Amino acid sequence: MTYVKSIPSVTFNMIVDVLQSEKILAMPACPPRSFKWASSPHWEKGVVLERDMIIVCQDKAVEQAAQRYPQSFLIVITGKDELEAIESIPNQMLVIKDSPTTVNLLQKLQNFFLSIQAWLSELSRAPSSLEGLGTIMQKSSVTLKAPLLLYDADSSIVAKSGFNASSTSCKIFQKREKEALNSVAMLRRSPVQLKGSNESVFIENELIQSGGHDLFYALALFEKMPTAGQHDMFKMFAEALAVKSEKVLGRLPSTRYTVYSLFDALICGRYVSESQLDDFAYSTGLPLDSEFRLLCFKANGGEPGADPSELTHSLHRINDGKCLFAVYDGDLLALLHSKNLDKSLSNPTIDEQILDTVGSFDGFVTVSQVFDGITHFGLAYQETQLVAKHKDVLDFEQCFTVSDQQQKKVIYTYEECLRFCILDFGEMSQELKDFSFSHTILEKILAEDMENGTNDTRILASYIHHERKATVVAEKLHMHRNTVLYRIGKIEKRFGLNLDENWSRDRVLFDFSILYSKIMRDPSLSRAILGQDAPRAHRSL
């Protein structure tokens, strides 16, 4: 075995744990701190530095081992109780009593070295992400043979592994979790003991810091006082966790993970890895598993406002505060996010909140469609810029169709501008075209119909097709008129739709046109939606 500088070390305390079933006759006063391998005096393969190697030998071979490896640490197996014969050996050594279990001691030690090195290697290869931290927890729980828990600086659970709620140590910890966390945070020592009625739990703990900030508390639960070797293994786990957390949550300057830098990276199309997204999410408070909608506040005349931050201050409460802001290229960008609340990102909700908030803002607002996946942010930004380009057409339409003077329009959405963008489709990339029709309310309604056996998609299609005449829809679909109105009302309320508005109907009709095309080209989708009524036309397409 050739010595490699990066090979992980095993501590002396961990070696003593491996030998706990043996009778130890003598221990060195000042043993070495760590080793990289265990061998015998007959080892011939490669070069291993003496200071990193344990030599295992019988007492009769101790002189030979000492001469060949004068600086190595020796584990000597002897059948004698008297140690006079080996007291003259200058090497540091640990002497154990010969027994049937010492026959395979060298192999046992080598297997232990290999298992620790494999474990640490797996930890080093774990991805720099929250999922990677979970992998470290799972692998380490098996190696340490102890439940592991990870808490953030606010004492909220982040991850756990190997936690068996029926075990004694876990039961005690569950009952006294807050007390345990307070003890860990206040005492800053390890281990912390919690005494139960008949049993106790011992908590090894380590504070994981980065850039001077407390990030995590890592805890391991033991039913008995952990040995020095277990303490060393827990420290190895904590060090691996610290290395990954630096990459996940950053020792880079805080300016690296600002809202502006995230927006800029996504708009410019620079690659942002999953771990970097996790960094941004942690630093900005952005939940990545949300739905999003981008708003772009533009000053009239193309000139930036005097102080965009003032507008930010007045807008910080929209969407119940679930919003990130950044001034970008003279405009103010506002990214709204929501989880499972379709109405909160709807046009009426945004209109109401923006108009009540911006007051005398001398400009206009362009709004992207709702989208999921923050990596689509750049495409949403392109939508807001297309809206700004075509907003004059909407202004002309309003002027052309309405005779009396109306309040000046402030908010322009991608949905109402899409029909005009289509006329100039050549300026849109294929990616943007696909994105424009990838996230529609029909997809959600259809998915729920297929899952729940409902028929809301056909009700909505028929309602639009028959010019919102509920009585006609009820006759065509063989249902009560009130049922039609109830289902349409639920759809409008959920998604903030107003089907009395022509642009809303236009967008829904356009989405249905795309849906019909998909159905005709996908027999399985056609049968799932229409059952026996599925058309046969797709077979000839």
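Residues numbered from 1 in each chain as written. Predicted model: local features only at pLDDT ≥ 70, side-chain atom pairs only at ≥ 80, totals over all residues. Heavy atoms only, no water.

Chemist: Is there a simple way to explain the nonpolar core in this structure?
Modeler: Nonpolar side chains tend toward joint burial in soluble globular proteins. Core analysis: the largest hydrophobic core is formed by 62 residues, its most contacted members being Ile 15, Ile 54, Ile 75 and Phe 237. Residues Val 272, Leu 379, Leu 386 and Leu 432 belong to the second largest nonpolar core, which totals 38 residues. (Core = buried A, V, L, I, M, F, W, Y, C linked by side-chain atoms within 4.5 Å. Buried < 20%, exposed > 50% of the residue type's maximum accessible area, 1.4 Å probe, protein only.)

Chemist: Is there a simple way to explain helix 4 (residues 130-144) in this structure?
Modeler: Structural remark: α-helix, 3.6 residues per turn; residues separated by three or four positions point the same way. Between the first and last C-alpha of helix 4 there are 21 Å, a value that for 15 residues agrees with the 21 Å anticipated at 1.5 Å per step. Within helix 4, burial applies to Gly 132, Leu 133, Ile 136, Met 137, Ser 140, Ser 141 and Leu 144. Positive backbone phi, at 55°, marks Lys 145, one or two positions downstream of helix 4. (Helix = DSSP H or I, 4+ residues; strand = E, 2+ residues; numbered from the N terminus. Expected span 1.5 Å × (residues − 1).)

Chemist: What should I look at first to understand the side chain of Ser 161 in this one?
Modeler: Structurally, Ser 161 can be placed in strand 9 (residues 157-161). Non-local contacts of Ser 161, meaning those with residues more than four positions away in its chain, are made with Met 137, Gln 138, Ser 141, Ala 146, Pro 147 and Leu 148. (Contact = heavy atoms within 4.5 Å.)

Chemist: What should I look at first to understand the layout of surface pockets in this one?
Modeler: Unoccupied space between atoms shows up once a probe the size of one water molecule is rolled over them. In this model, the second largest pocket occupies a volume close to 600 Å³. As for the second largest pocket, its lining consists of 23 residues, of which Thr 143, Leu 144, Lys 145, Gln 230 and Met 233 are closest to the centre. Listing elements by their share of the lining of the second largest pocket, those giving two or more residues are helix 1 (12-18), helix 3 (105-125), helix 4, strand 12 (213-222) and helix 7 (228-249). Sort the elements by how many residues they give to the lining of the second largest pocket and helix 3 lands first, with 5 residues. Tallied by class, residues from the lining of the second largest pocket come to 11 nonpolar, 7 polar and 5 charged. (1 Å grid on protein atoms, 1.4 Å probe; cavity = no way out; pocket = protein on both sides within 12 Å on 5 of 7 lines; lining within 4 Å. Points joined across faces, edges and corners; volume = space filled by probe spheres on them. Nonpolar A, V, L, I, M, F, W, Y, C, P; charged D, E, K, R; others polar.)

Chemist: Would you take a moment to explain the pairing of strand 8 (residues 148-152) for this structure?
Modeler: In terms of burial, strand 8 is largely enclosed, as 4 of its 5 residues are buried. Strand direction decides the pairing type here: strand 8 and strand 9, joined by 4 bridges, are antiparallel. Bridge pairing links Tyr 151 to Ile 157 in strand 9. (Pairing = 2+ DSSP bridges.)

Chemist: Please explain the pairing of strand 5 (residues 53-58) as it appears in this structure.
Modeler: Counted residue by residue, strand 5 has 5 buried out of 6 residues, so it is predominantly covered. For strand 4 (residues 37-39) and strand 5, the ladder comprises 3 bridges, and the chain directions are parallel. Along strand 5, the bridge assignment pairs Ala 38 with Ile 54. As judged from the 5 bridges shared by strand 5 and strand 6 (residues 73-78), these two strands associate in the parallel manner. When the bridges of strand 6 are listed, Ile 55 appears paired with Leu 74. Between the parallel elements strand 5 and strand 6, the chain passes through helix 2 (residues 62-68) in a crossover that is right-handed. (Right-handed = clockwise from strand over helix to strand, strands pointing away.)

Chemist: Looking at this model, I keep getting lost on the packing of helix 15 (residues 441-452) against helix 18 (residues 481-495). Mind explaining?
Modeler: Between two packed helices, what matters for the description is the angle formed by their axes and the separation of those axes. For the pair helix 15 and helix 18, interaxial distance at closest approach is 12 Å and the crossing angle is 130°. One finds that helix 15 runs oblique with respect to helix 18. The handedness of the crossing between helix 15 and helix 18 comes out as right-handed. Each of Ile 441, Lys 444, Ile 445 and Glu 448 in helix 15 lies in contact with helix 18, whose residues at this interface are Ile 491, Arg 494 and Phe 495. Among the residues forming the contact of helix 15 with helix 18, the class breakdown is 4 nonpolar, no polar and 3 charged. (Axes fitted to C-alpha atoms, helices over the stretch in contact; angles between N-to-C directions. Parallel < 35°, antiparallel > 145°, perpendicular 65-115°, else oblique. Left-handed = near helix turned anticlockwise from the far one by under 90°.)

Chemist: Can you walk me through the packing of helix 3 against helix 4 in this structure?
Modeler: Remark: helix 3 packs on helix 4, axes separated minimally by 9 Å, with the N-to-C direction vectors making an angle of 165°. Relative to helix 4, the element helix 3 lies roughly antiparallel. Here helix 3 runs over helix 4; the crossing is left-handed. Contact residues: Ile 116, Trp 119, Glu 122 and Leu 123 in helix 3; Ile 136, Lys 139, Ser 140 and Thr 143 in helix 4. Looking at the contact of helix 3 with helix 4 residue by residue, the classes come out as 4 nonpolar, 2 polar and 2 charged.

Chemist: In this structure, what is going on with the packing of aromatic side chains? I would like to understand it.
Modeler: Within a pair of aromatic rings, the relevant descriptors are the distance that separates the centres and the angle that separates the planes. Taken as a whole and assessed by the stated rule, the structure comprises 10 aromatic pairs. The interplanar angle of 20° and the centroid separation of 4.4 Å between the aromatic rings of Phe 263 and Phe 377 together place this pair among those described as stacked. With a gap of 114 residues between them, Phe 263 in helix 8 (residues 259-267) and Phe 377 in helix 12 (residues 377-401) connect regions that are remote in the sequence. Through a chain of ring-to-ring contacts, three or more aromatic side chains come together here, namely Phe 12, Phe 35 and Phe 73. In this arrangement the basic side chain of Lys 409 is found over the ring face of Tyr 412, its NZ or CZ atom lying 5.4 Å from the centre. (Phe/Tyr/Trp six-rings, centres within 6.5 Å; stacked < 30°, edge-to-face > 60°. Lys NZ or Arg CZ within 6 Å of the ring centre and 35° of its normal.)

Chemist: Sorry if this is basic, but what is going on with the sheet that holds strand 2 (residues 24-26) here?
Modeler: Consider a sheet: its strands pair through backbone hydrogen bonds, and that pairing is either parallel or antiparallel. The mixed open sheet is built from 5 strands, whose spatial order is 2-7-6-5-4. Only two strands of the sheet have a single partner each, and these edge strands are strand 2 and strand 4. Strand-to-strand twist in this sheet, taken as the mean axis angle between neighbours without regard to direction, amounts to 25°. Each of strand 4, strand 5, strand 6 and strand 7 (93-97) touches helix 3; the most contacted strand, strand 4, lies at about 165° to it.

Chemist: Mind showing me how you'd approach the side chain of Gln 369 here?
Modeler: Secondary-structure assignment places Gln 369 in the loop between strand 16 (363-367) and strand 17 (371-372). When its relative accessible area of 1% is taken as the criterion, Gln 369 is described as buried.

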